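Residue strings, one per chain:
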Amino acid sequence: MSVLSQVRAATRDIHQSLDDHPLLVRFMSQGNVTAYQTFLQTFSLYLRIAVAKQLDYITTDDRKVINYEPWSAALQSDLETFEAGDNFAFADRYSKHLPDIENVSQYWGFLYVMEGSTLGGRQLAAMIPSDWPSEFLRRGAEAKLRWPYFCRRLGELEVAGAIEAAEVQLGADKAFRSMVKIFDKTLDKTPPAATFVSLSSEI
C-alpha cells in the first residue's frame, strides 16, 4: 500500500470529524461570519507553519508548485477586511494547540492536510455571501493542479527513502486533531443561531 493510501486510511475518521465540524456548518449553512473569521484565522496559523518550514523540507523545484507564501498573502488580505484584522489575541490563545511538526516526514503529512483542505476552496467560496472576503478560498482552484503533483512527489519521496510512512501518518493526524481542537474551543464564541448577510452586520 502506498504512503498516500496509508495516510488516507489512517486519518479517515478524524478527517471526517473535521469535515462535519459544527464550526464549518455555521458559516457554510447558517451564514455565520464569526465562524468564517475563525476558520480563516485558524488557517492563518497553519500557513505560518507551512511557510516557516518549507525552506527546510521542500526542494527548490517543489516550491515552484507547492509554495505557501502566495496563499498566506491572500489569507492575510482576507483577514484585513475584518475590523480586527488578523486577530493577534486569537494567535496567542490558540497557537499552543498547533501541531508540533518534528521532521520532514511529518511535514509532508501536515501538507497532506493543507493541500487536501484547499481542494474544495472554489466551491466553498461559492457557498458564502458574495461580500465576504474569499481570495484565499478562490486559490483552492490551484489545488486541482497542485494535488496531483503533491501525490506524485509523496510517492517519489517514499520510494527514495526520504520519508517514513508512519511519520507521514503521524504528521497528518497531528494536523487534523489540532485543527479539530481549535475549532472545538472556538465554538462558544460563534453563536449557532446567528445569521449574517454581510460582514458589517457582525463586526
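The written sequence of each chain sets the order in which its residues are numbered from 1. Given that this is a predicted model, residues contribute local features only at a pLDDT of at least 70 and side-chain atom pairs are listed and counted only at 80 or more, while totals for whole chains, interfaces and linings are drawn from all residues. In computing side-chain properties, one takes all heavy atoms of the structure into account and sets aside hydrogens as well as water.

A. Quick look at the nonpolar core. Of all hydrophobic cores here, the largest spans 61 residues; its most connected members are Phe 39, Tyr 68 and Phe 110. We count a stretch as a helix when DSSP gives it H or I for four or more residues in a row; a strand needs E for two or more, and each element gets its number in order from the N terminus. Residue contributions to this core peak at eleven residues, all from helix H4 (residues 33–57). Nonpolar cores were defined as sets of buried Ala, Val, Leu, Ile, Met, Phe, Trp, Tyr and Cys residues, with membership established by side-chain atoms within 4.5 Å. Categorising residues by exposure relies on relative accessible area from a 1.4 Å probe, with only protein chains included: less than 20% of the type maximum marks a residue as buried, more than 50% marks it as exposed, and the intermediate range marks it as partly exposed.

B. Inspection of the packing of aromatic side chains at higher detail. Classification of ring pairs uses Phe, Tyr and Trp, with its six-membered ring standing for Trp, and accepts pairs whose centres are within 6.5 Å; under 30 degrees between planes counts as stacked, over 60 as edge-to-face, and the remaining range as tilted. All told, the structure shown has 16 aromatic pairs when counted by the stated rule. Ring geometry for Tyr 68 and Trp 71: centres 5.8 Å apart, planes at 90°, overall edge-to-face. Here the two residues Tyr 68 and Trp 71 agree in accessibility, since each one is buried. Each residue in the set Phe 27, Tyr 36, Phe 39, Phe 43, Tyr 68, Trp 71, Trp 132 and Phe 136 is aromatic and connected to the rest through ring pairs, giving one cluster. Any Lys NZ or Arg CZ found within 6 Å of a ring centre and within 35 degrees of that ring's normal is scored as a charge over the ring. Above the plane of the ring of Tyr 68 lies Arg 146, whose end atom (NZ or CZ) is 5.1 Å from the centre.

C. Seen up close, the pattern of salt bridges. A pair is scored as a salt bridge if a Lys or Arg side-chain nitrogen falls within 4 Å of a carboxyl oxygen belonging to Asp or Glu. Summed over the entire model, instances satisfying the criterion amount to six salt bridges. The structure contains a network of salt bridges with shared partners spanning Asp 62, Arg 152, Arg 153 and Glu 156.

D. Geometry of the side chain of Ser 178. In this fold, Ser 178 is placed in helix H12 (residues 165–186). By relative accessible area, Ser 178 is classed as buried at 6%. Contacts described as polar in this section are N or O atom pairs within 3.5 Å, which, within protein, must combine one atom able to donate a hydrogen with one able to accept it, while residues neighboring in sequence count only if both atoms come from side chains. Here Tyr 46 takes part through its side chain, which lies 2.2 Å from a polar atom of the side chain of Ser 178. In what follows, a contact means two residues having at least one pair of non-hydrogen atoms within 4.5 Å. Apart from the residues lying within four places of it in its own chain, the contact partners of Ser 178 are Tyr 46, His 97, Leu 98 and Pro 99.

E. Geometry of the environment of Ile 14. Relative to the helices and strands, Ile 14 is located in helix H2 (residues 12–19). Considered as a pair, Ile 14 and Arg 177 are 163 residues apart in the sequence and their alpha carbons are 6.8 Å apart.

F. Local environment of the side chain of Thr 11. With respect to the helices and strands, Thr 11 occurs in the loop between helix H1 (3–10) and H2. In contact with Thr 11, other than residues within four places in its own chain, are Tyr 112, Gln 169, Ala 172, Asp 173 and Phe 176.

G. Summary view of the packing of H2 against H12. Every axis corresponds to a line fitted to the C-alpha atoms, with the helix fit spanning only the stretch in contact, and the corresponding angles, defined between N-to-C directions, vary from 0 to 180 degrees. At a closest axis distance of 9 Å, the pairing of H2 and H12 adopts a crossing angle of 30°. Classified by the angle between their axes, H2 and H12 sit roughly parallel to one another. Crossing handedness for the pair H2 and H12: left-handed. Only Asp 173, Phe 176, Arg 177, Met 179, Val 180 and Phe 183 of H12 make contact with H2, whose side of the interface consists of Ile 14, His 15 and Leu 18. Residues are grouped as follows: Ala, Val, Leu, Ile, Met, Phe, Trp, Tyr, Cys and Pro are nonpolar; Asp, Glu, Lys and Arg are charged; every other residue, Gly included, is polar. Residue classes in the contact of H2 with H12 are distributed as six nonpolar, one polar and two charged. Here roughly perpendicular refers to angles of 65 to 115 degrees, roughly parallel to angles under 35, roughly antiparallel to angles over 145, and oblique to all remaining angles. Handedness of each helix crossing follows the sense of rotation of the near helix against the far helix: counterclockwise by less than a right angle gives left-handed, clockwise gives right-handed.

H. Local environment of the confidence of the model for the protein. The predicted model of the protein has a mean per-residue pLDDT of 87, with 90% of residues at 70 or higher. As a per-residue measure, pLDDT tells how confident the predictor is, with possible values from 0 to 100. Element-level mean pLDDT values for the protein span from 81 in helix H9 (residues 121–127) up to 97 in H12. In the predicted structure, residues 194–203 sits below a pLDDT of 50 and forms 27 contacts with residues beyond four places in sequence or in another chain.

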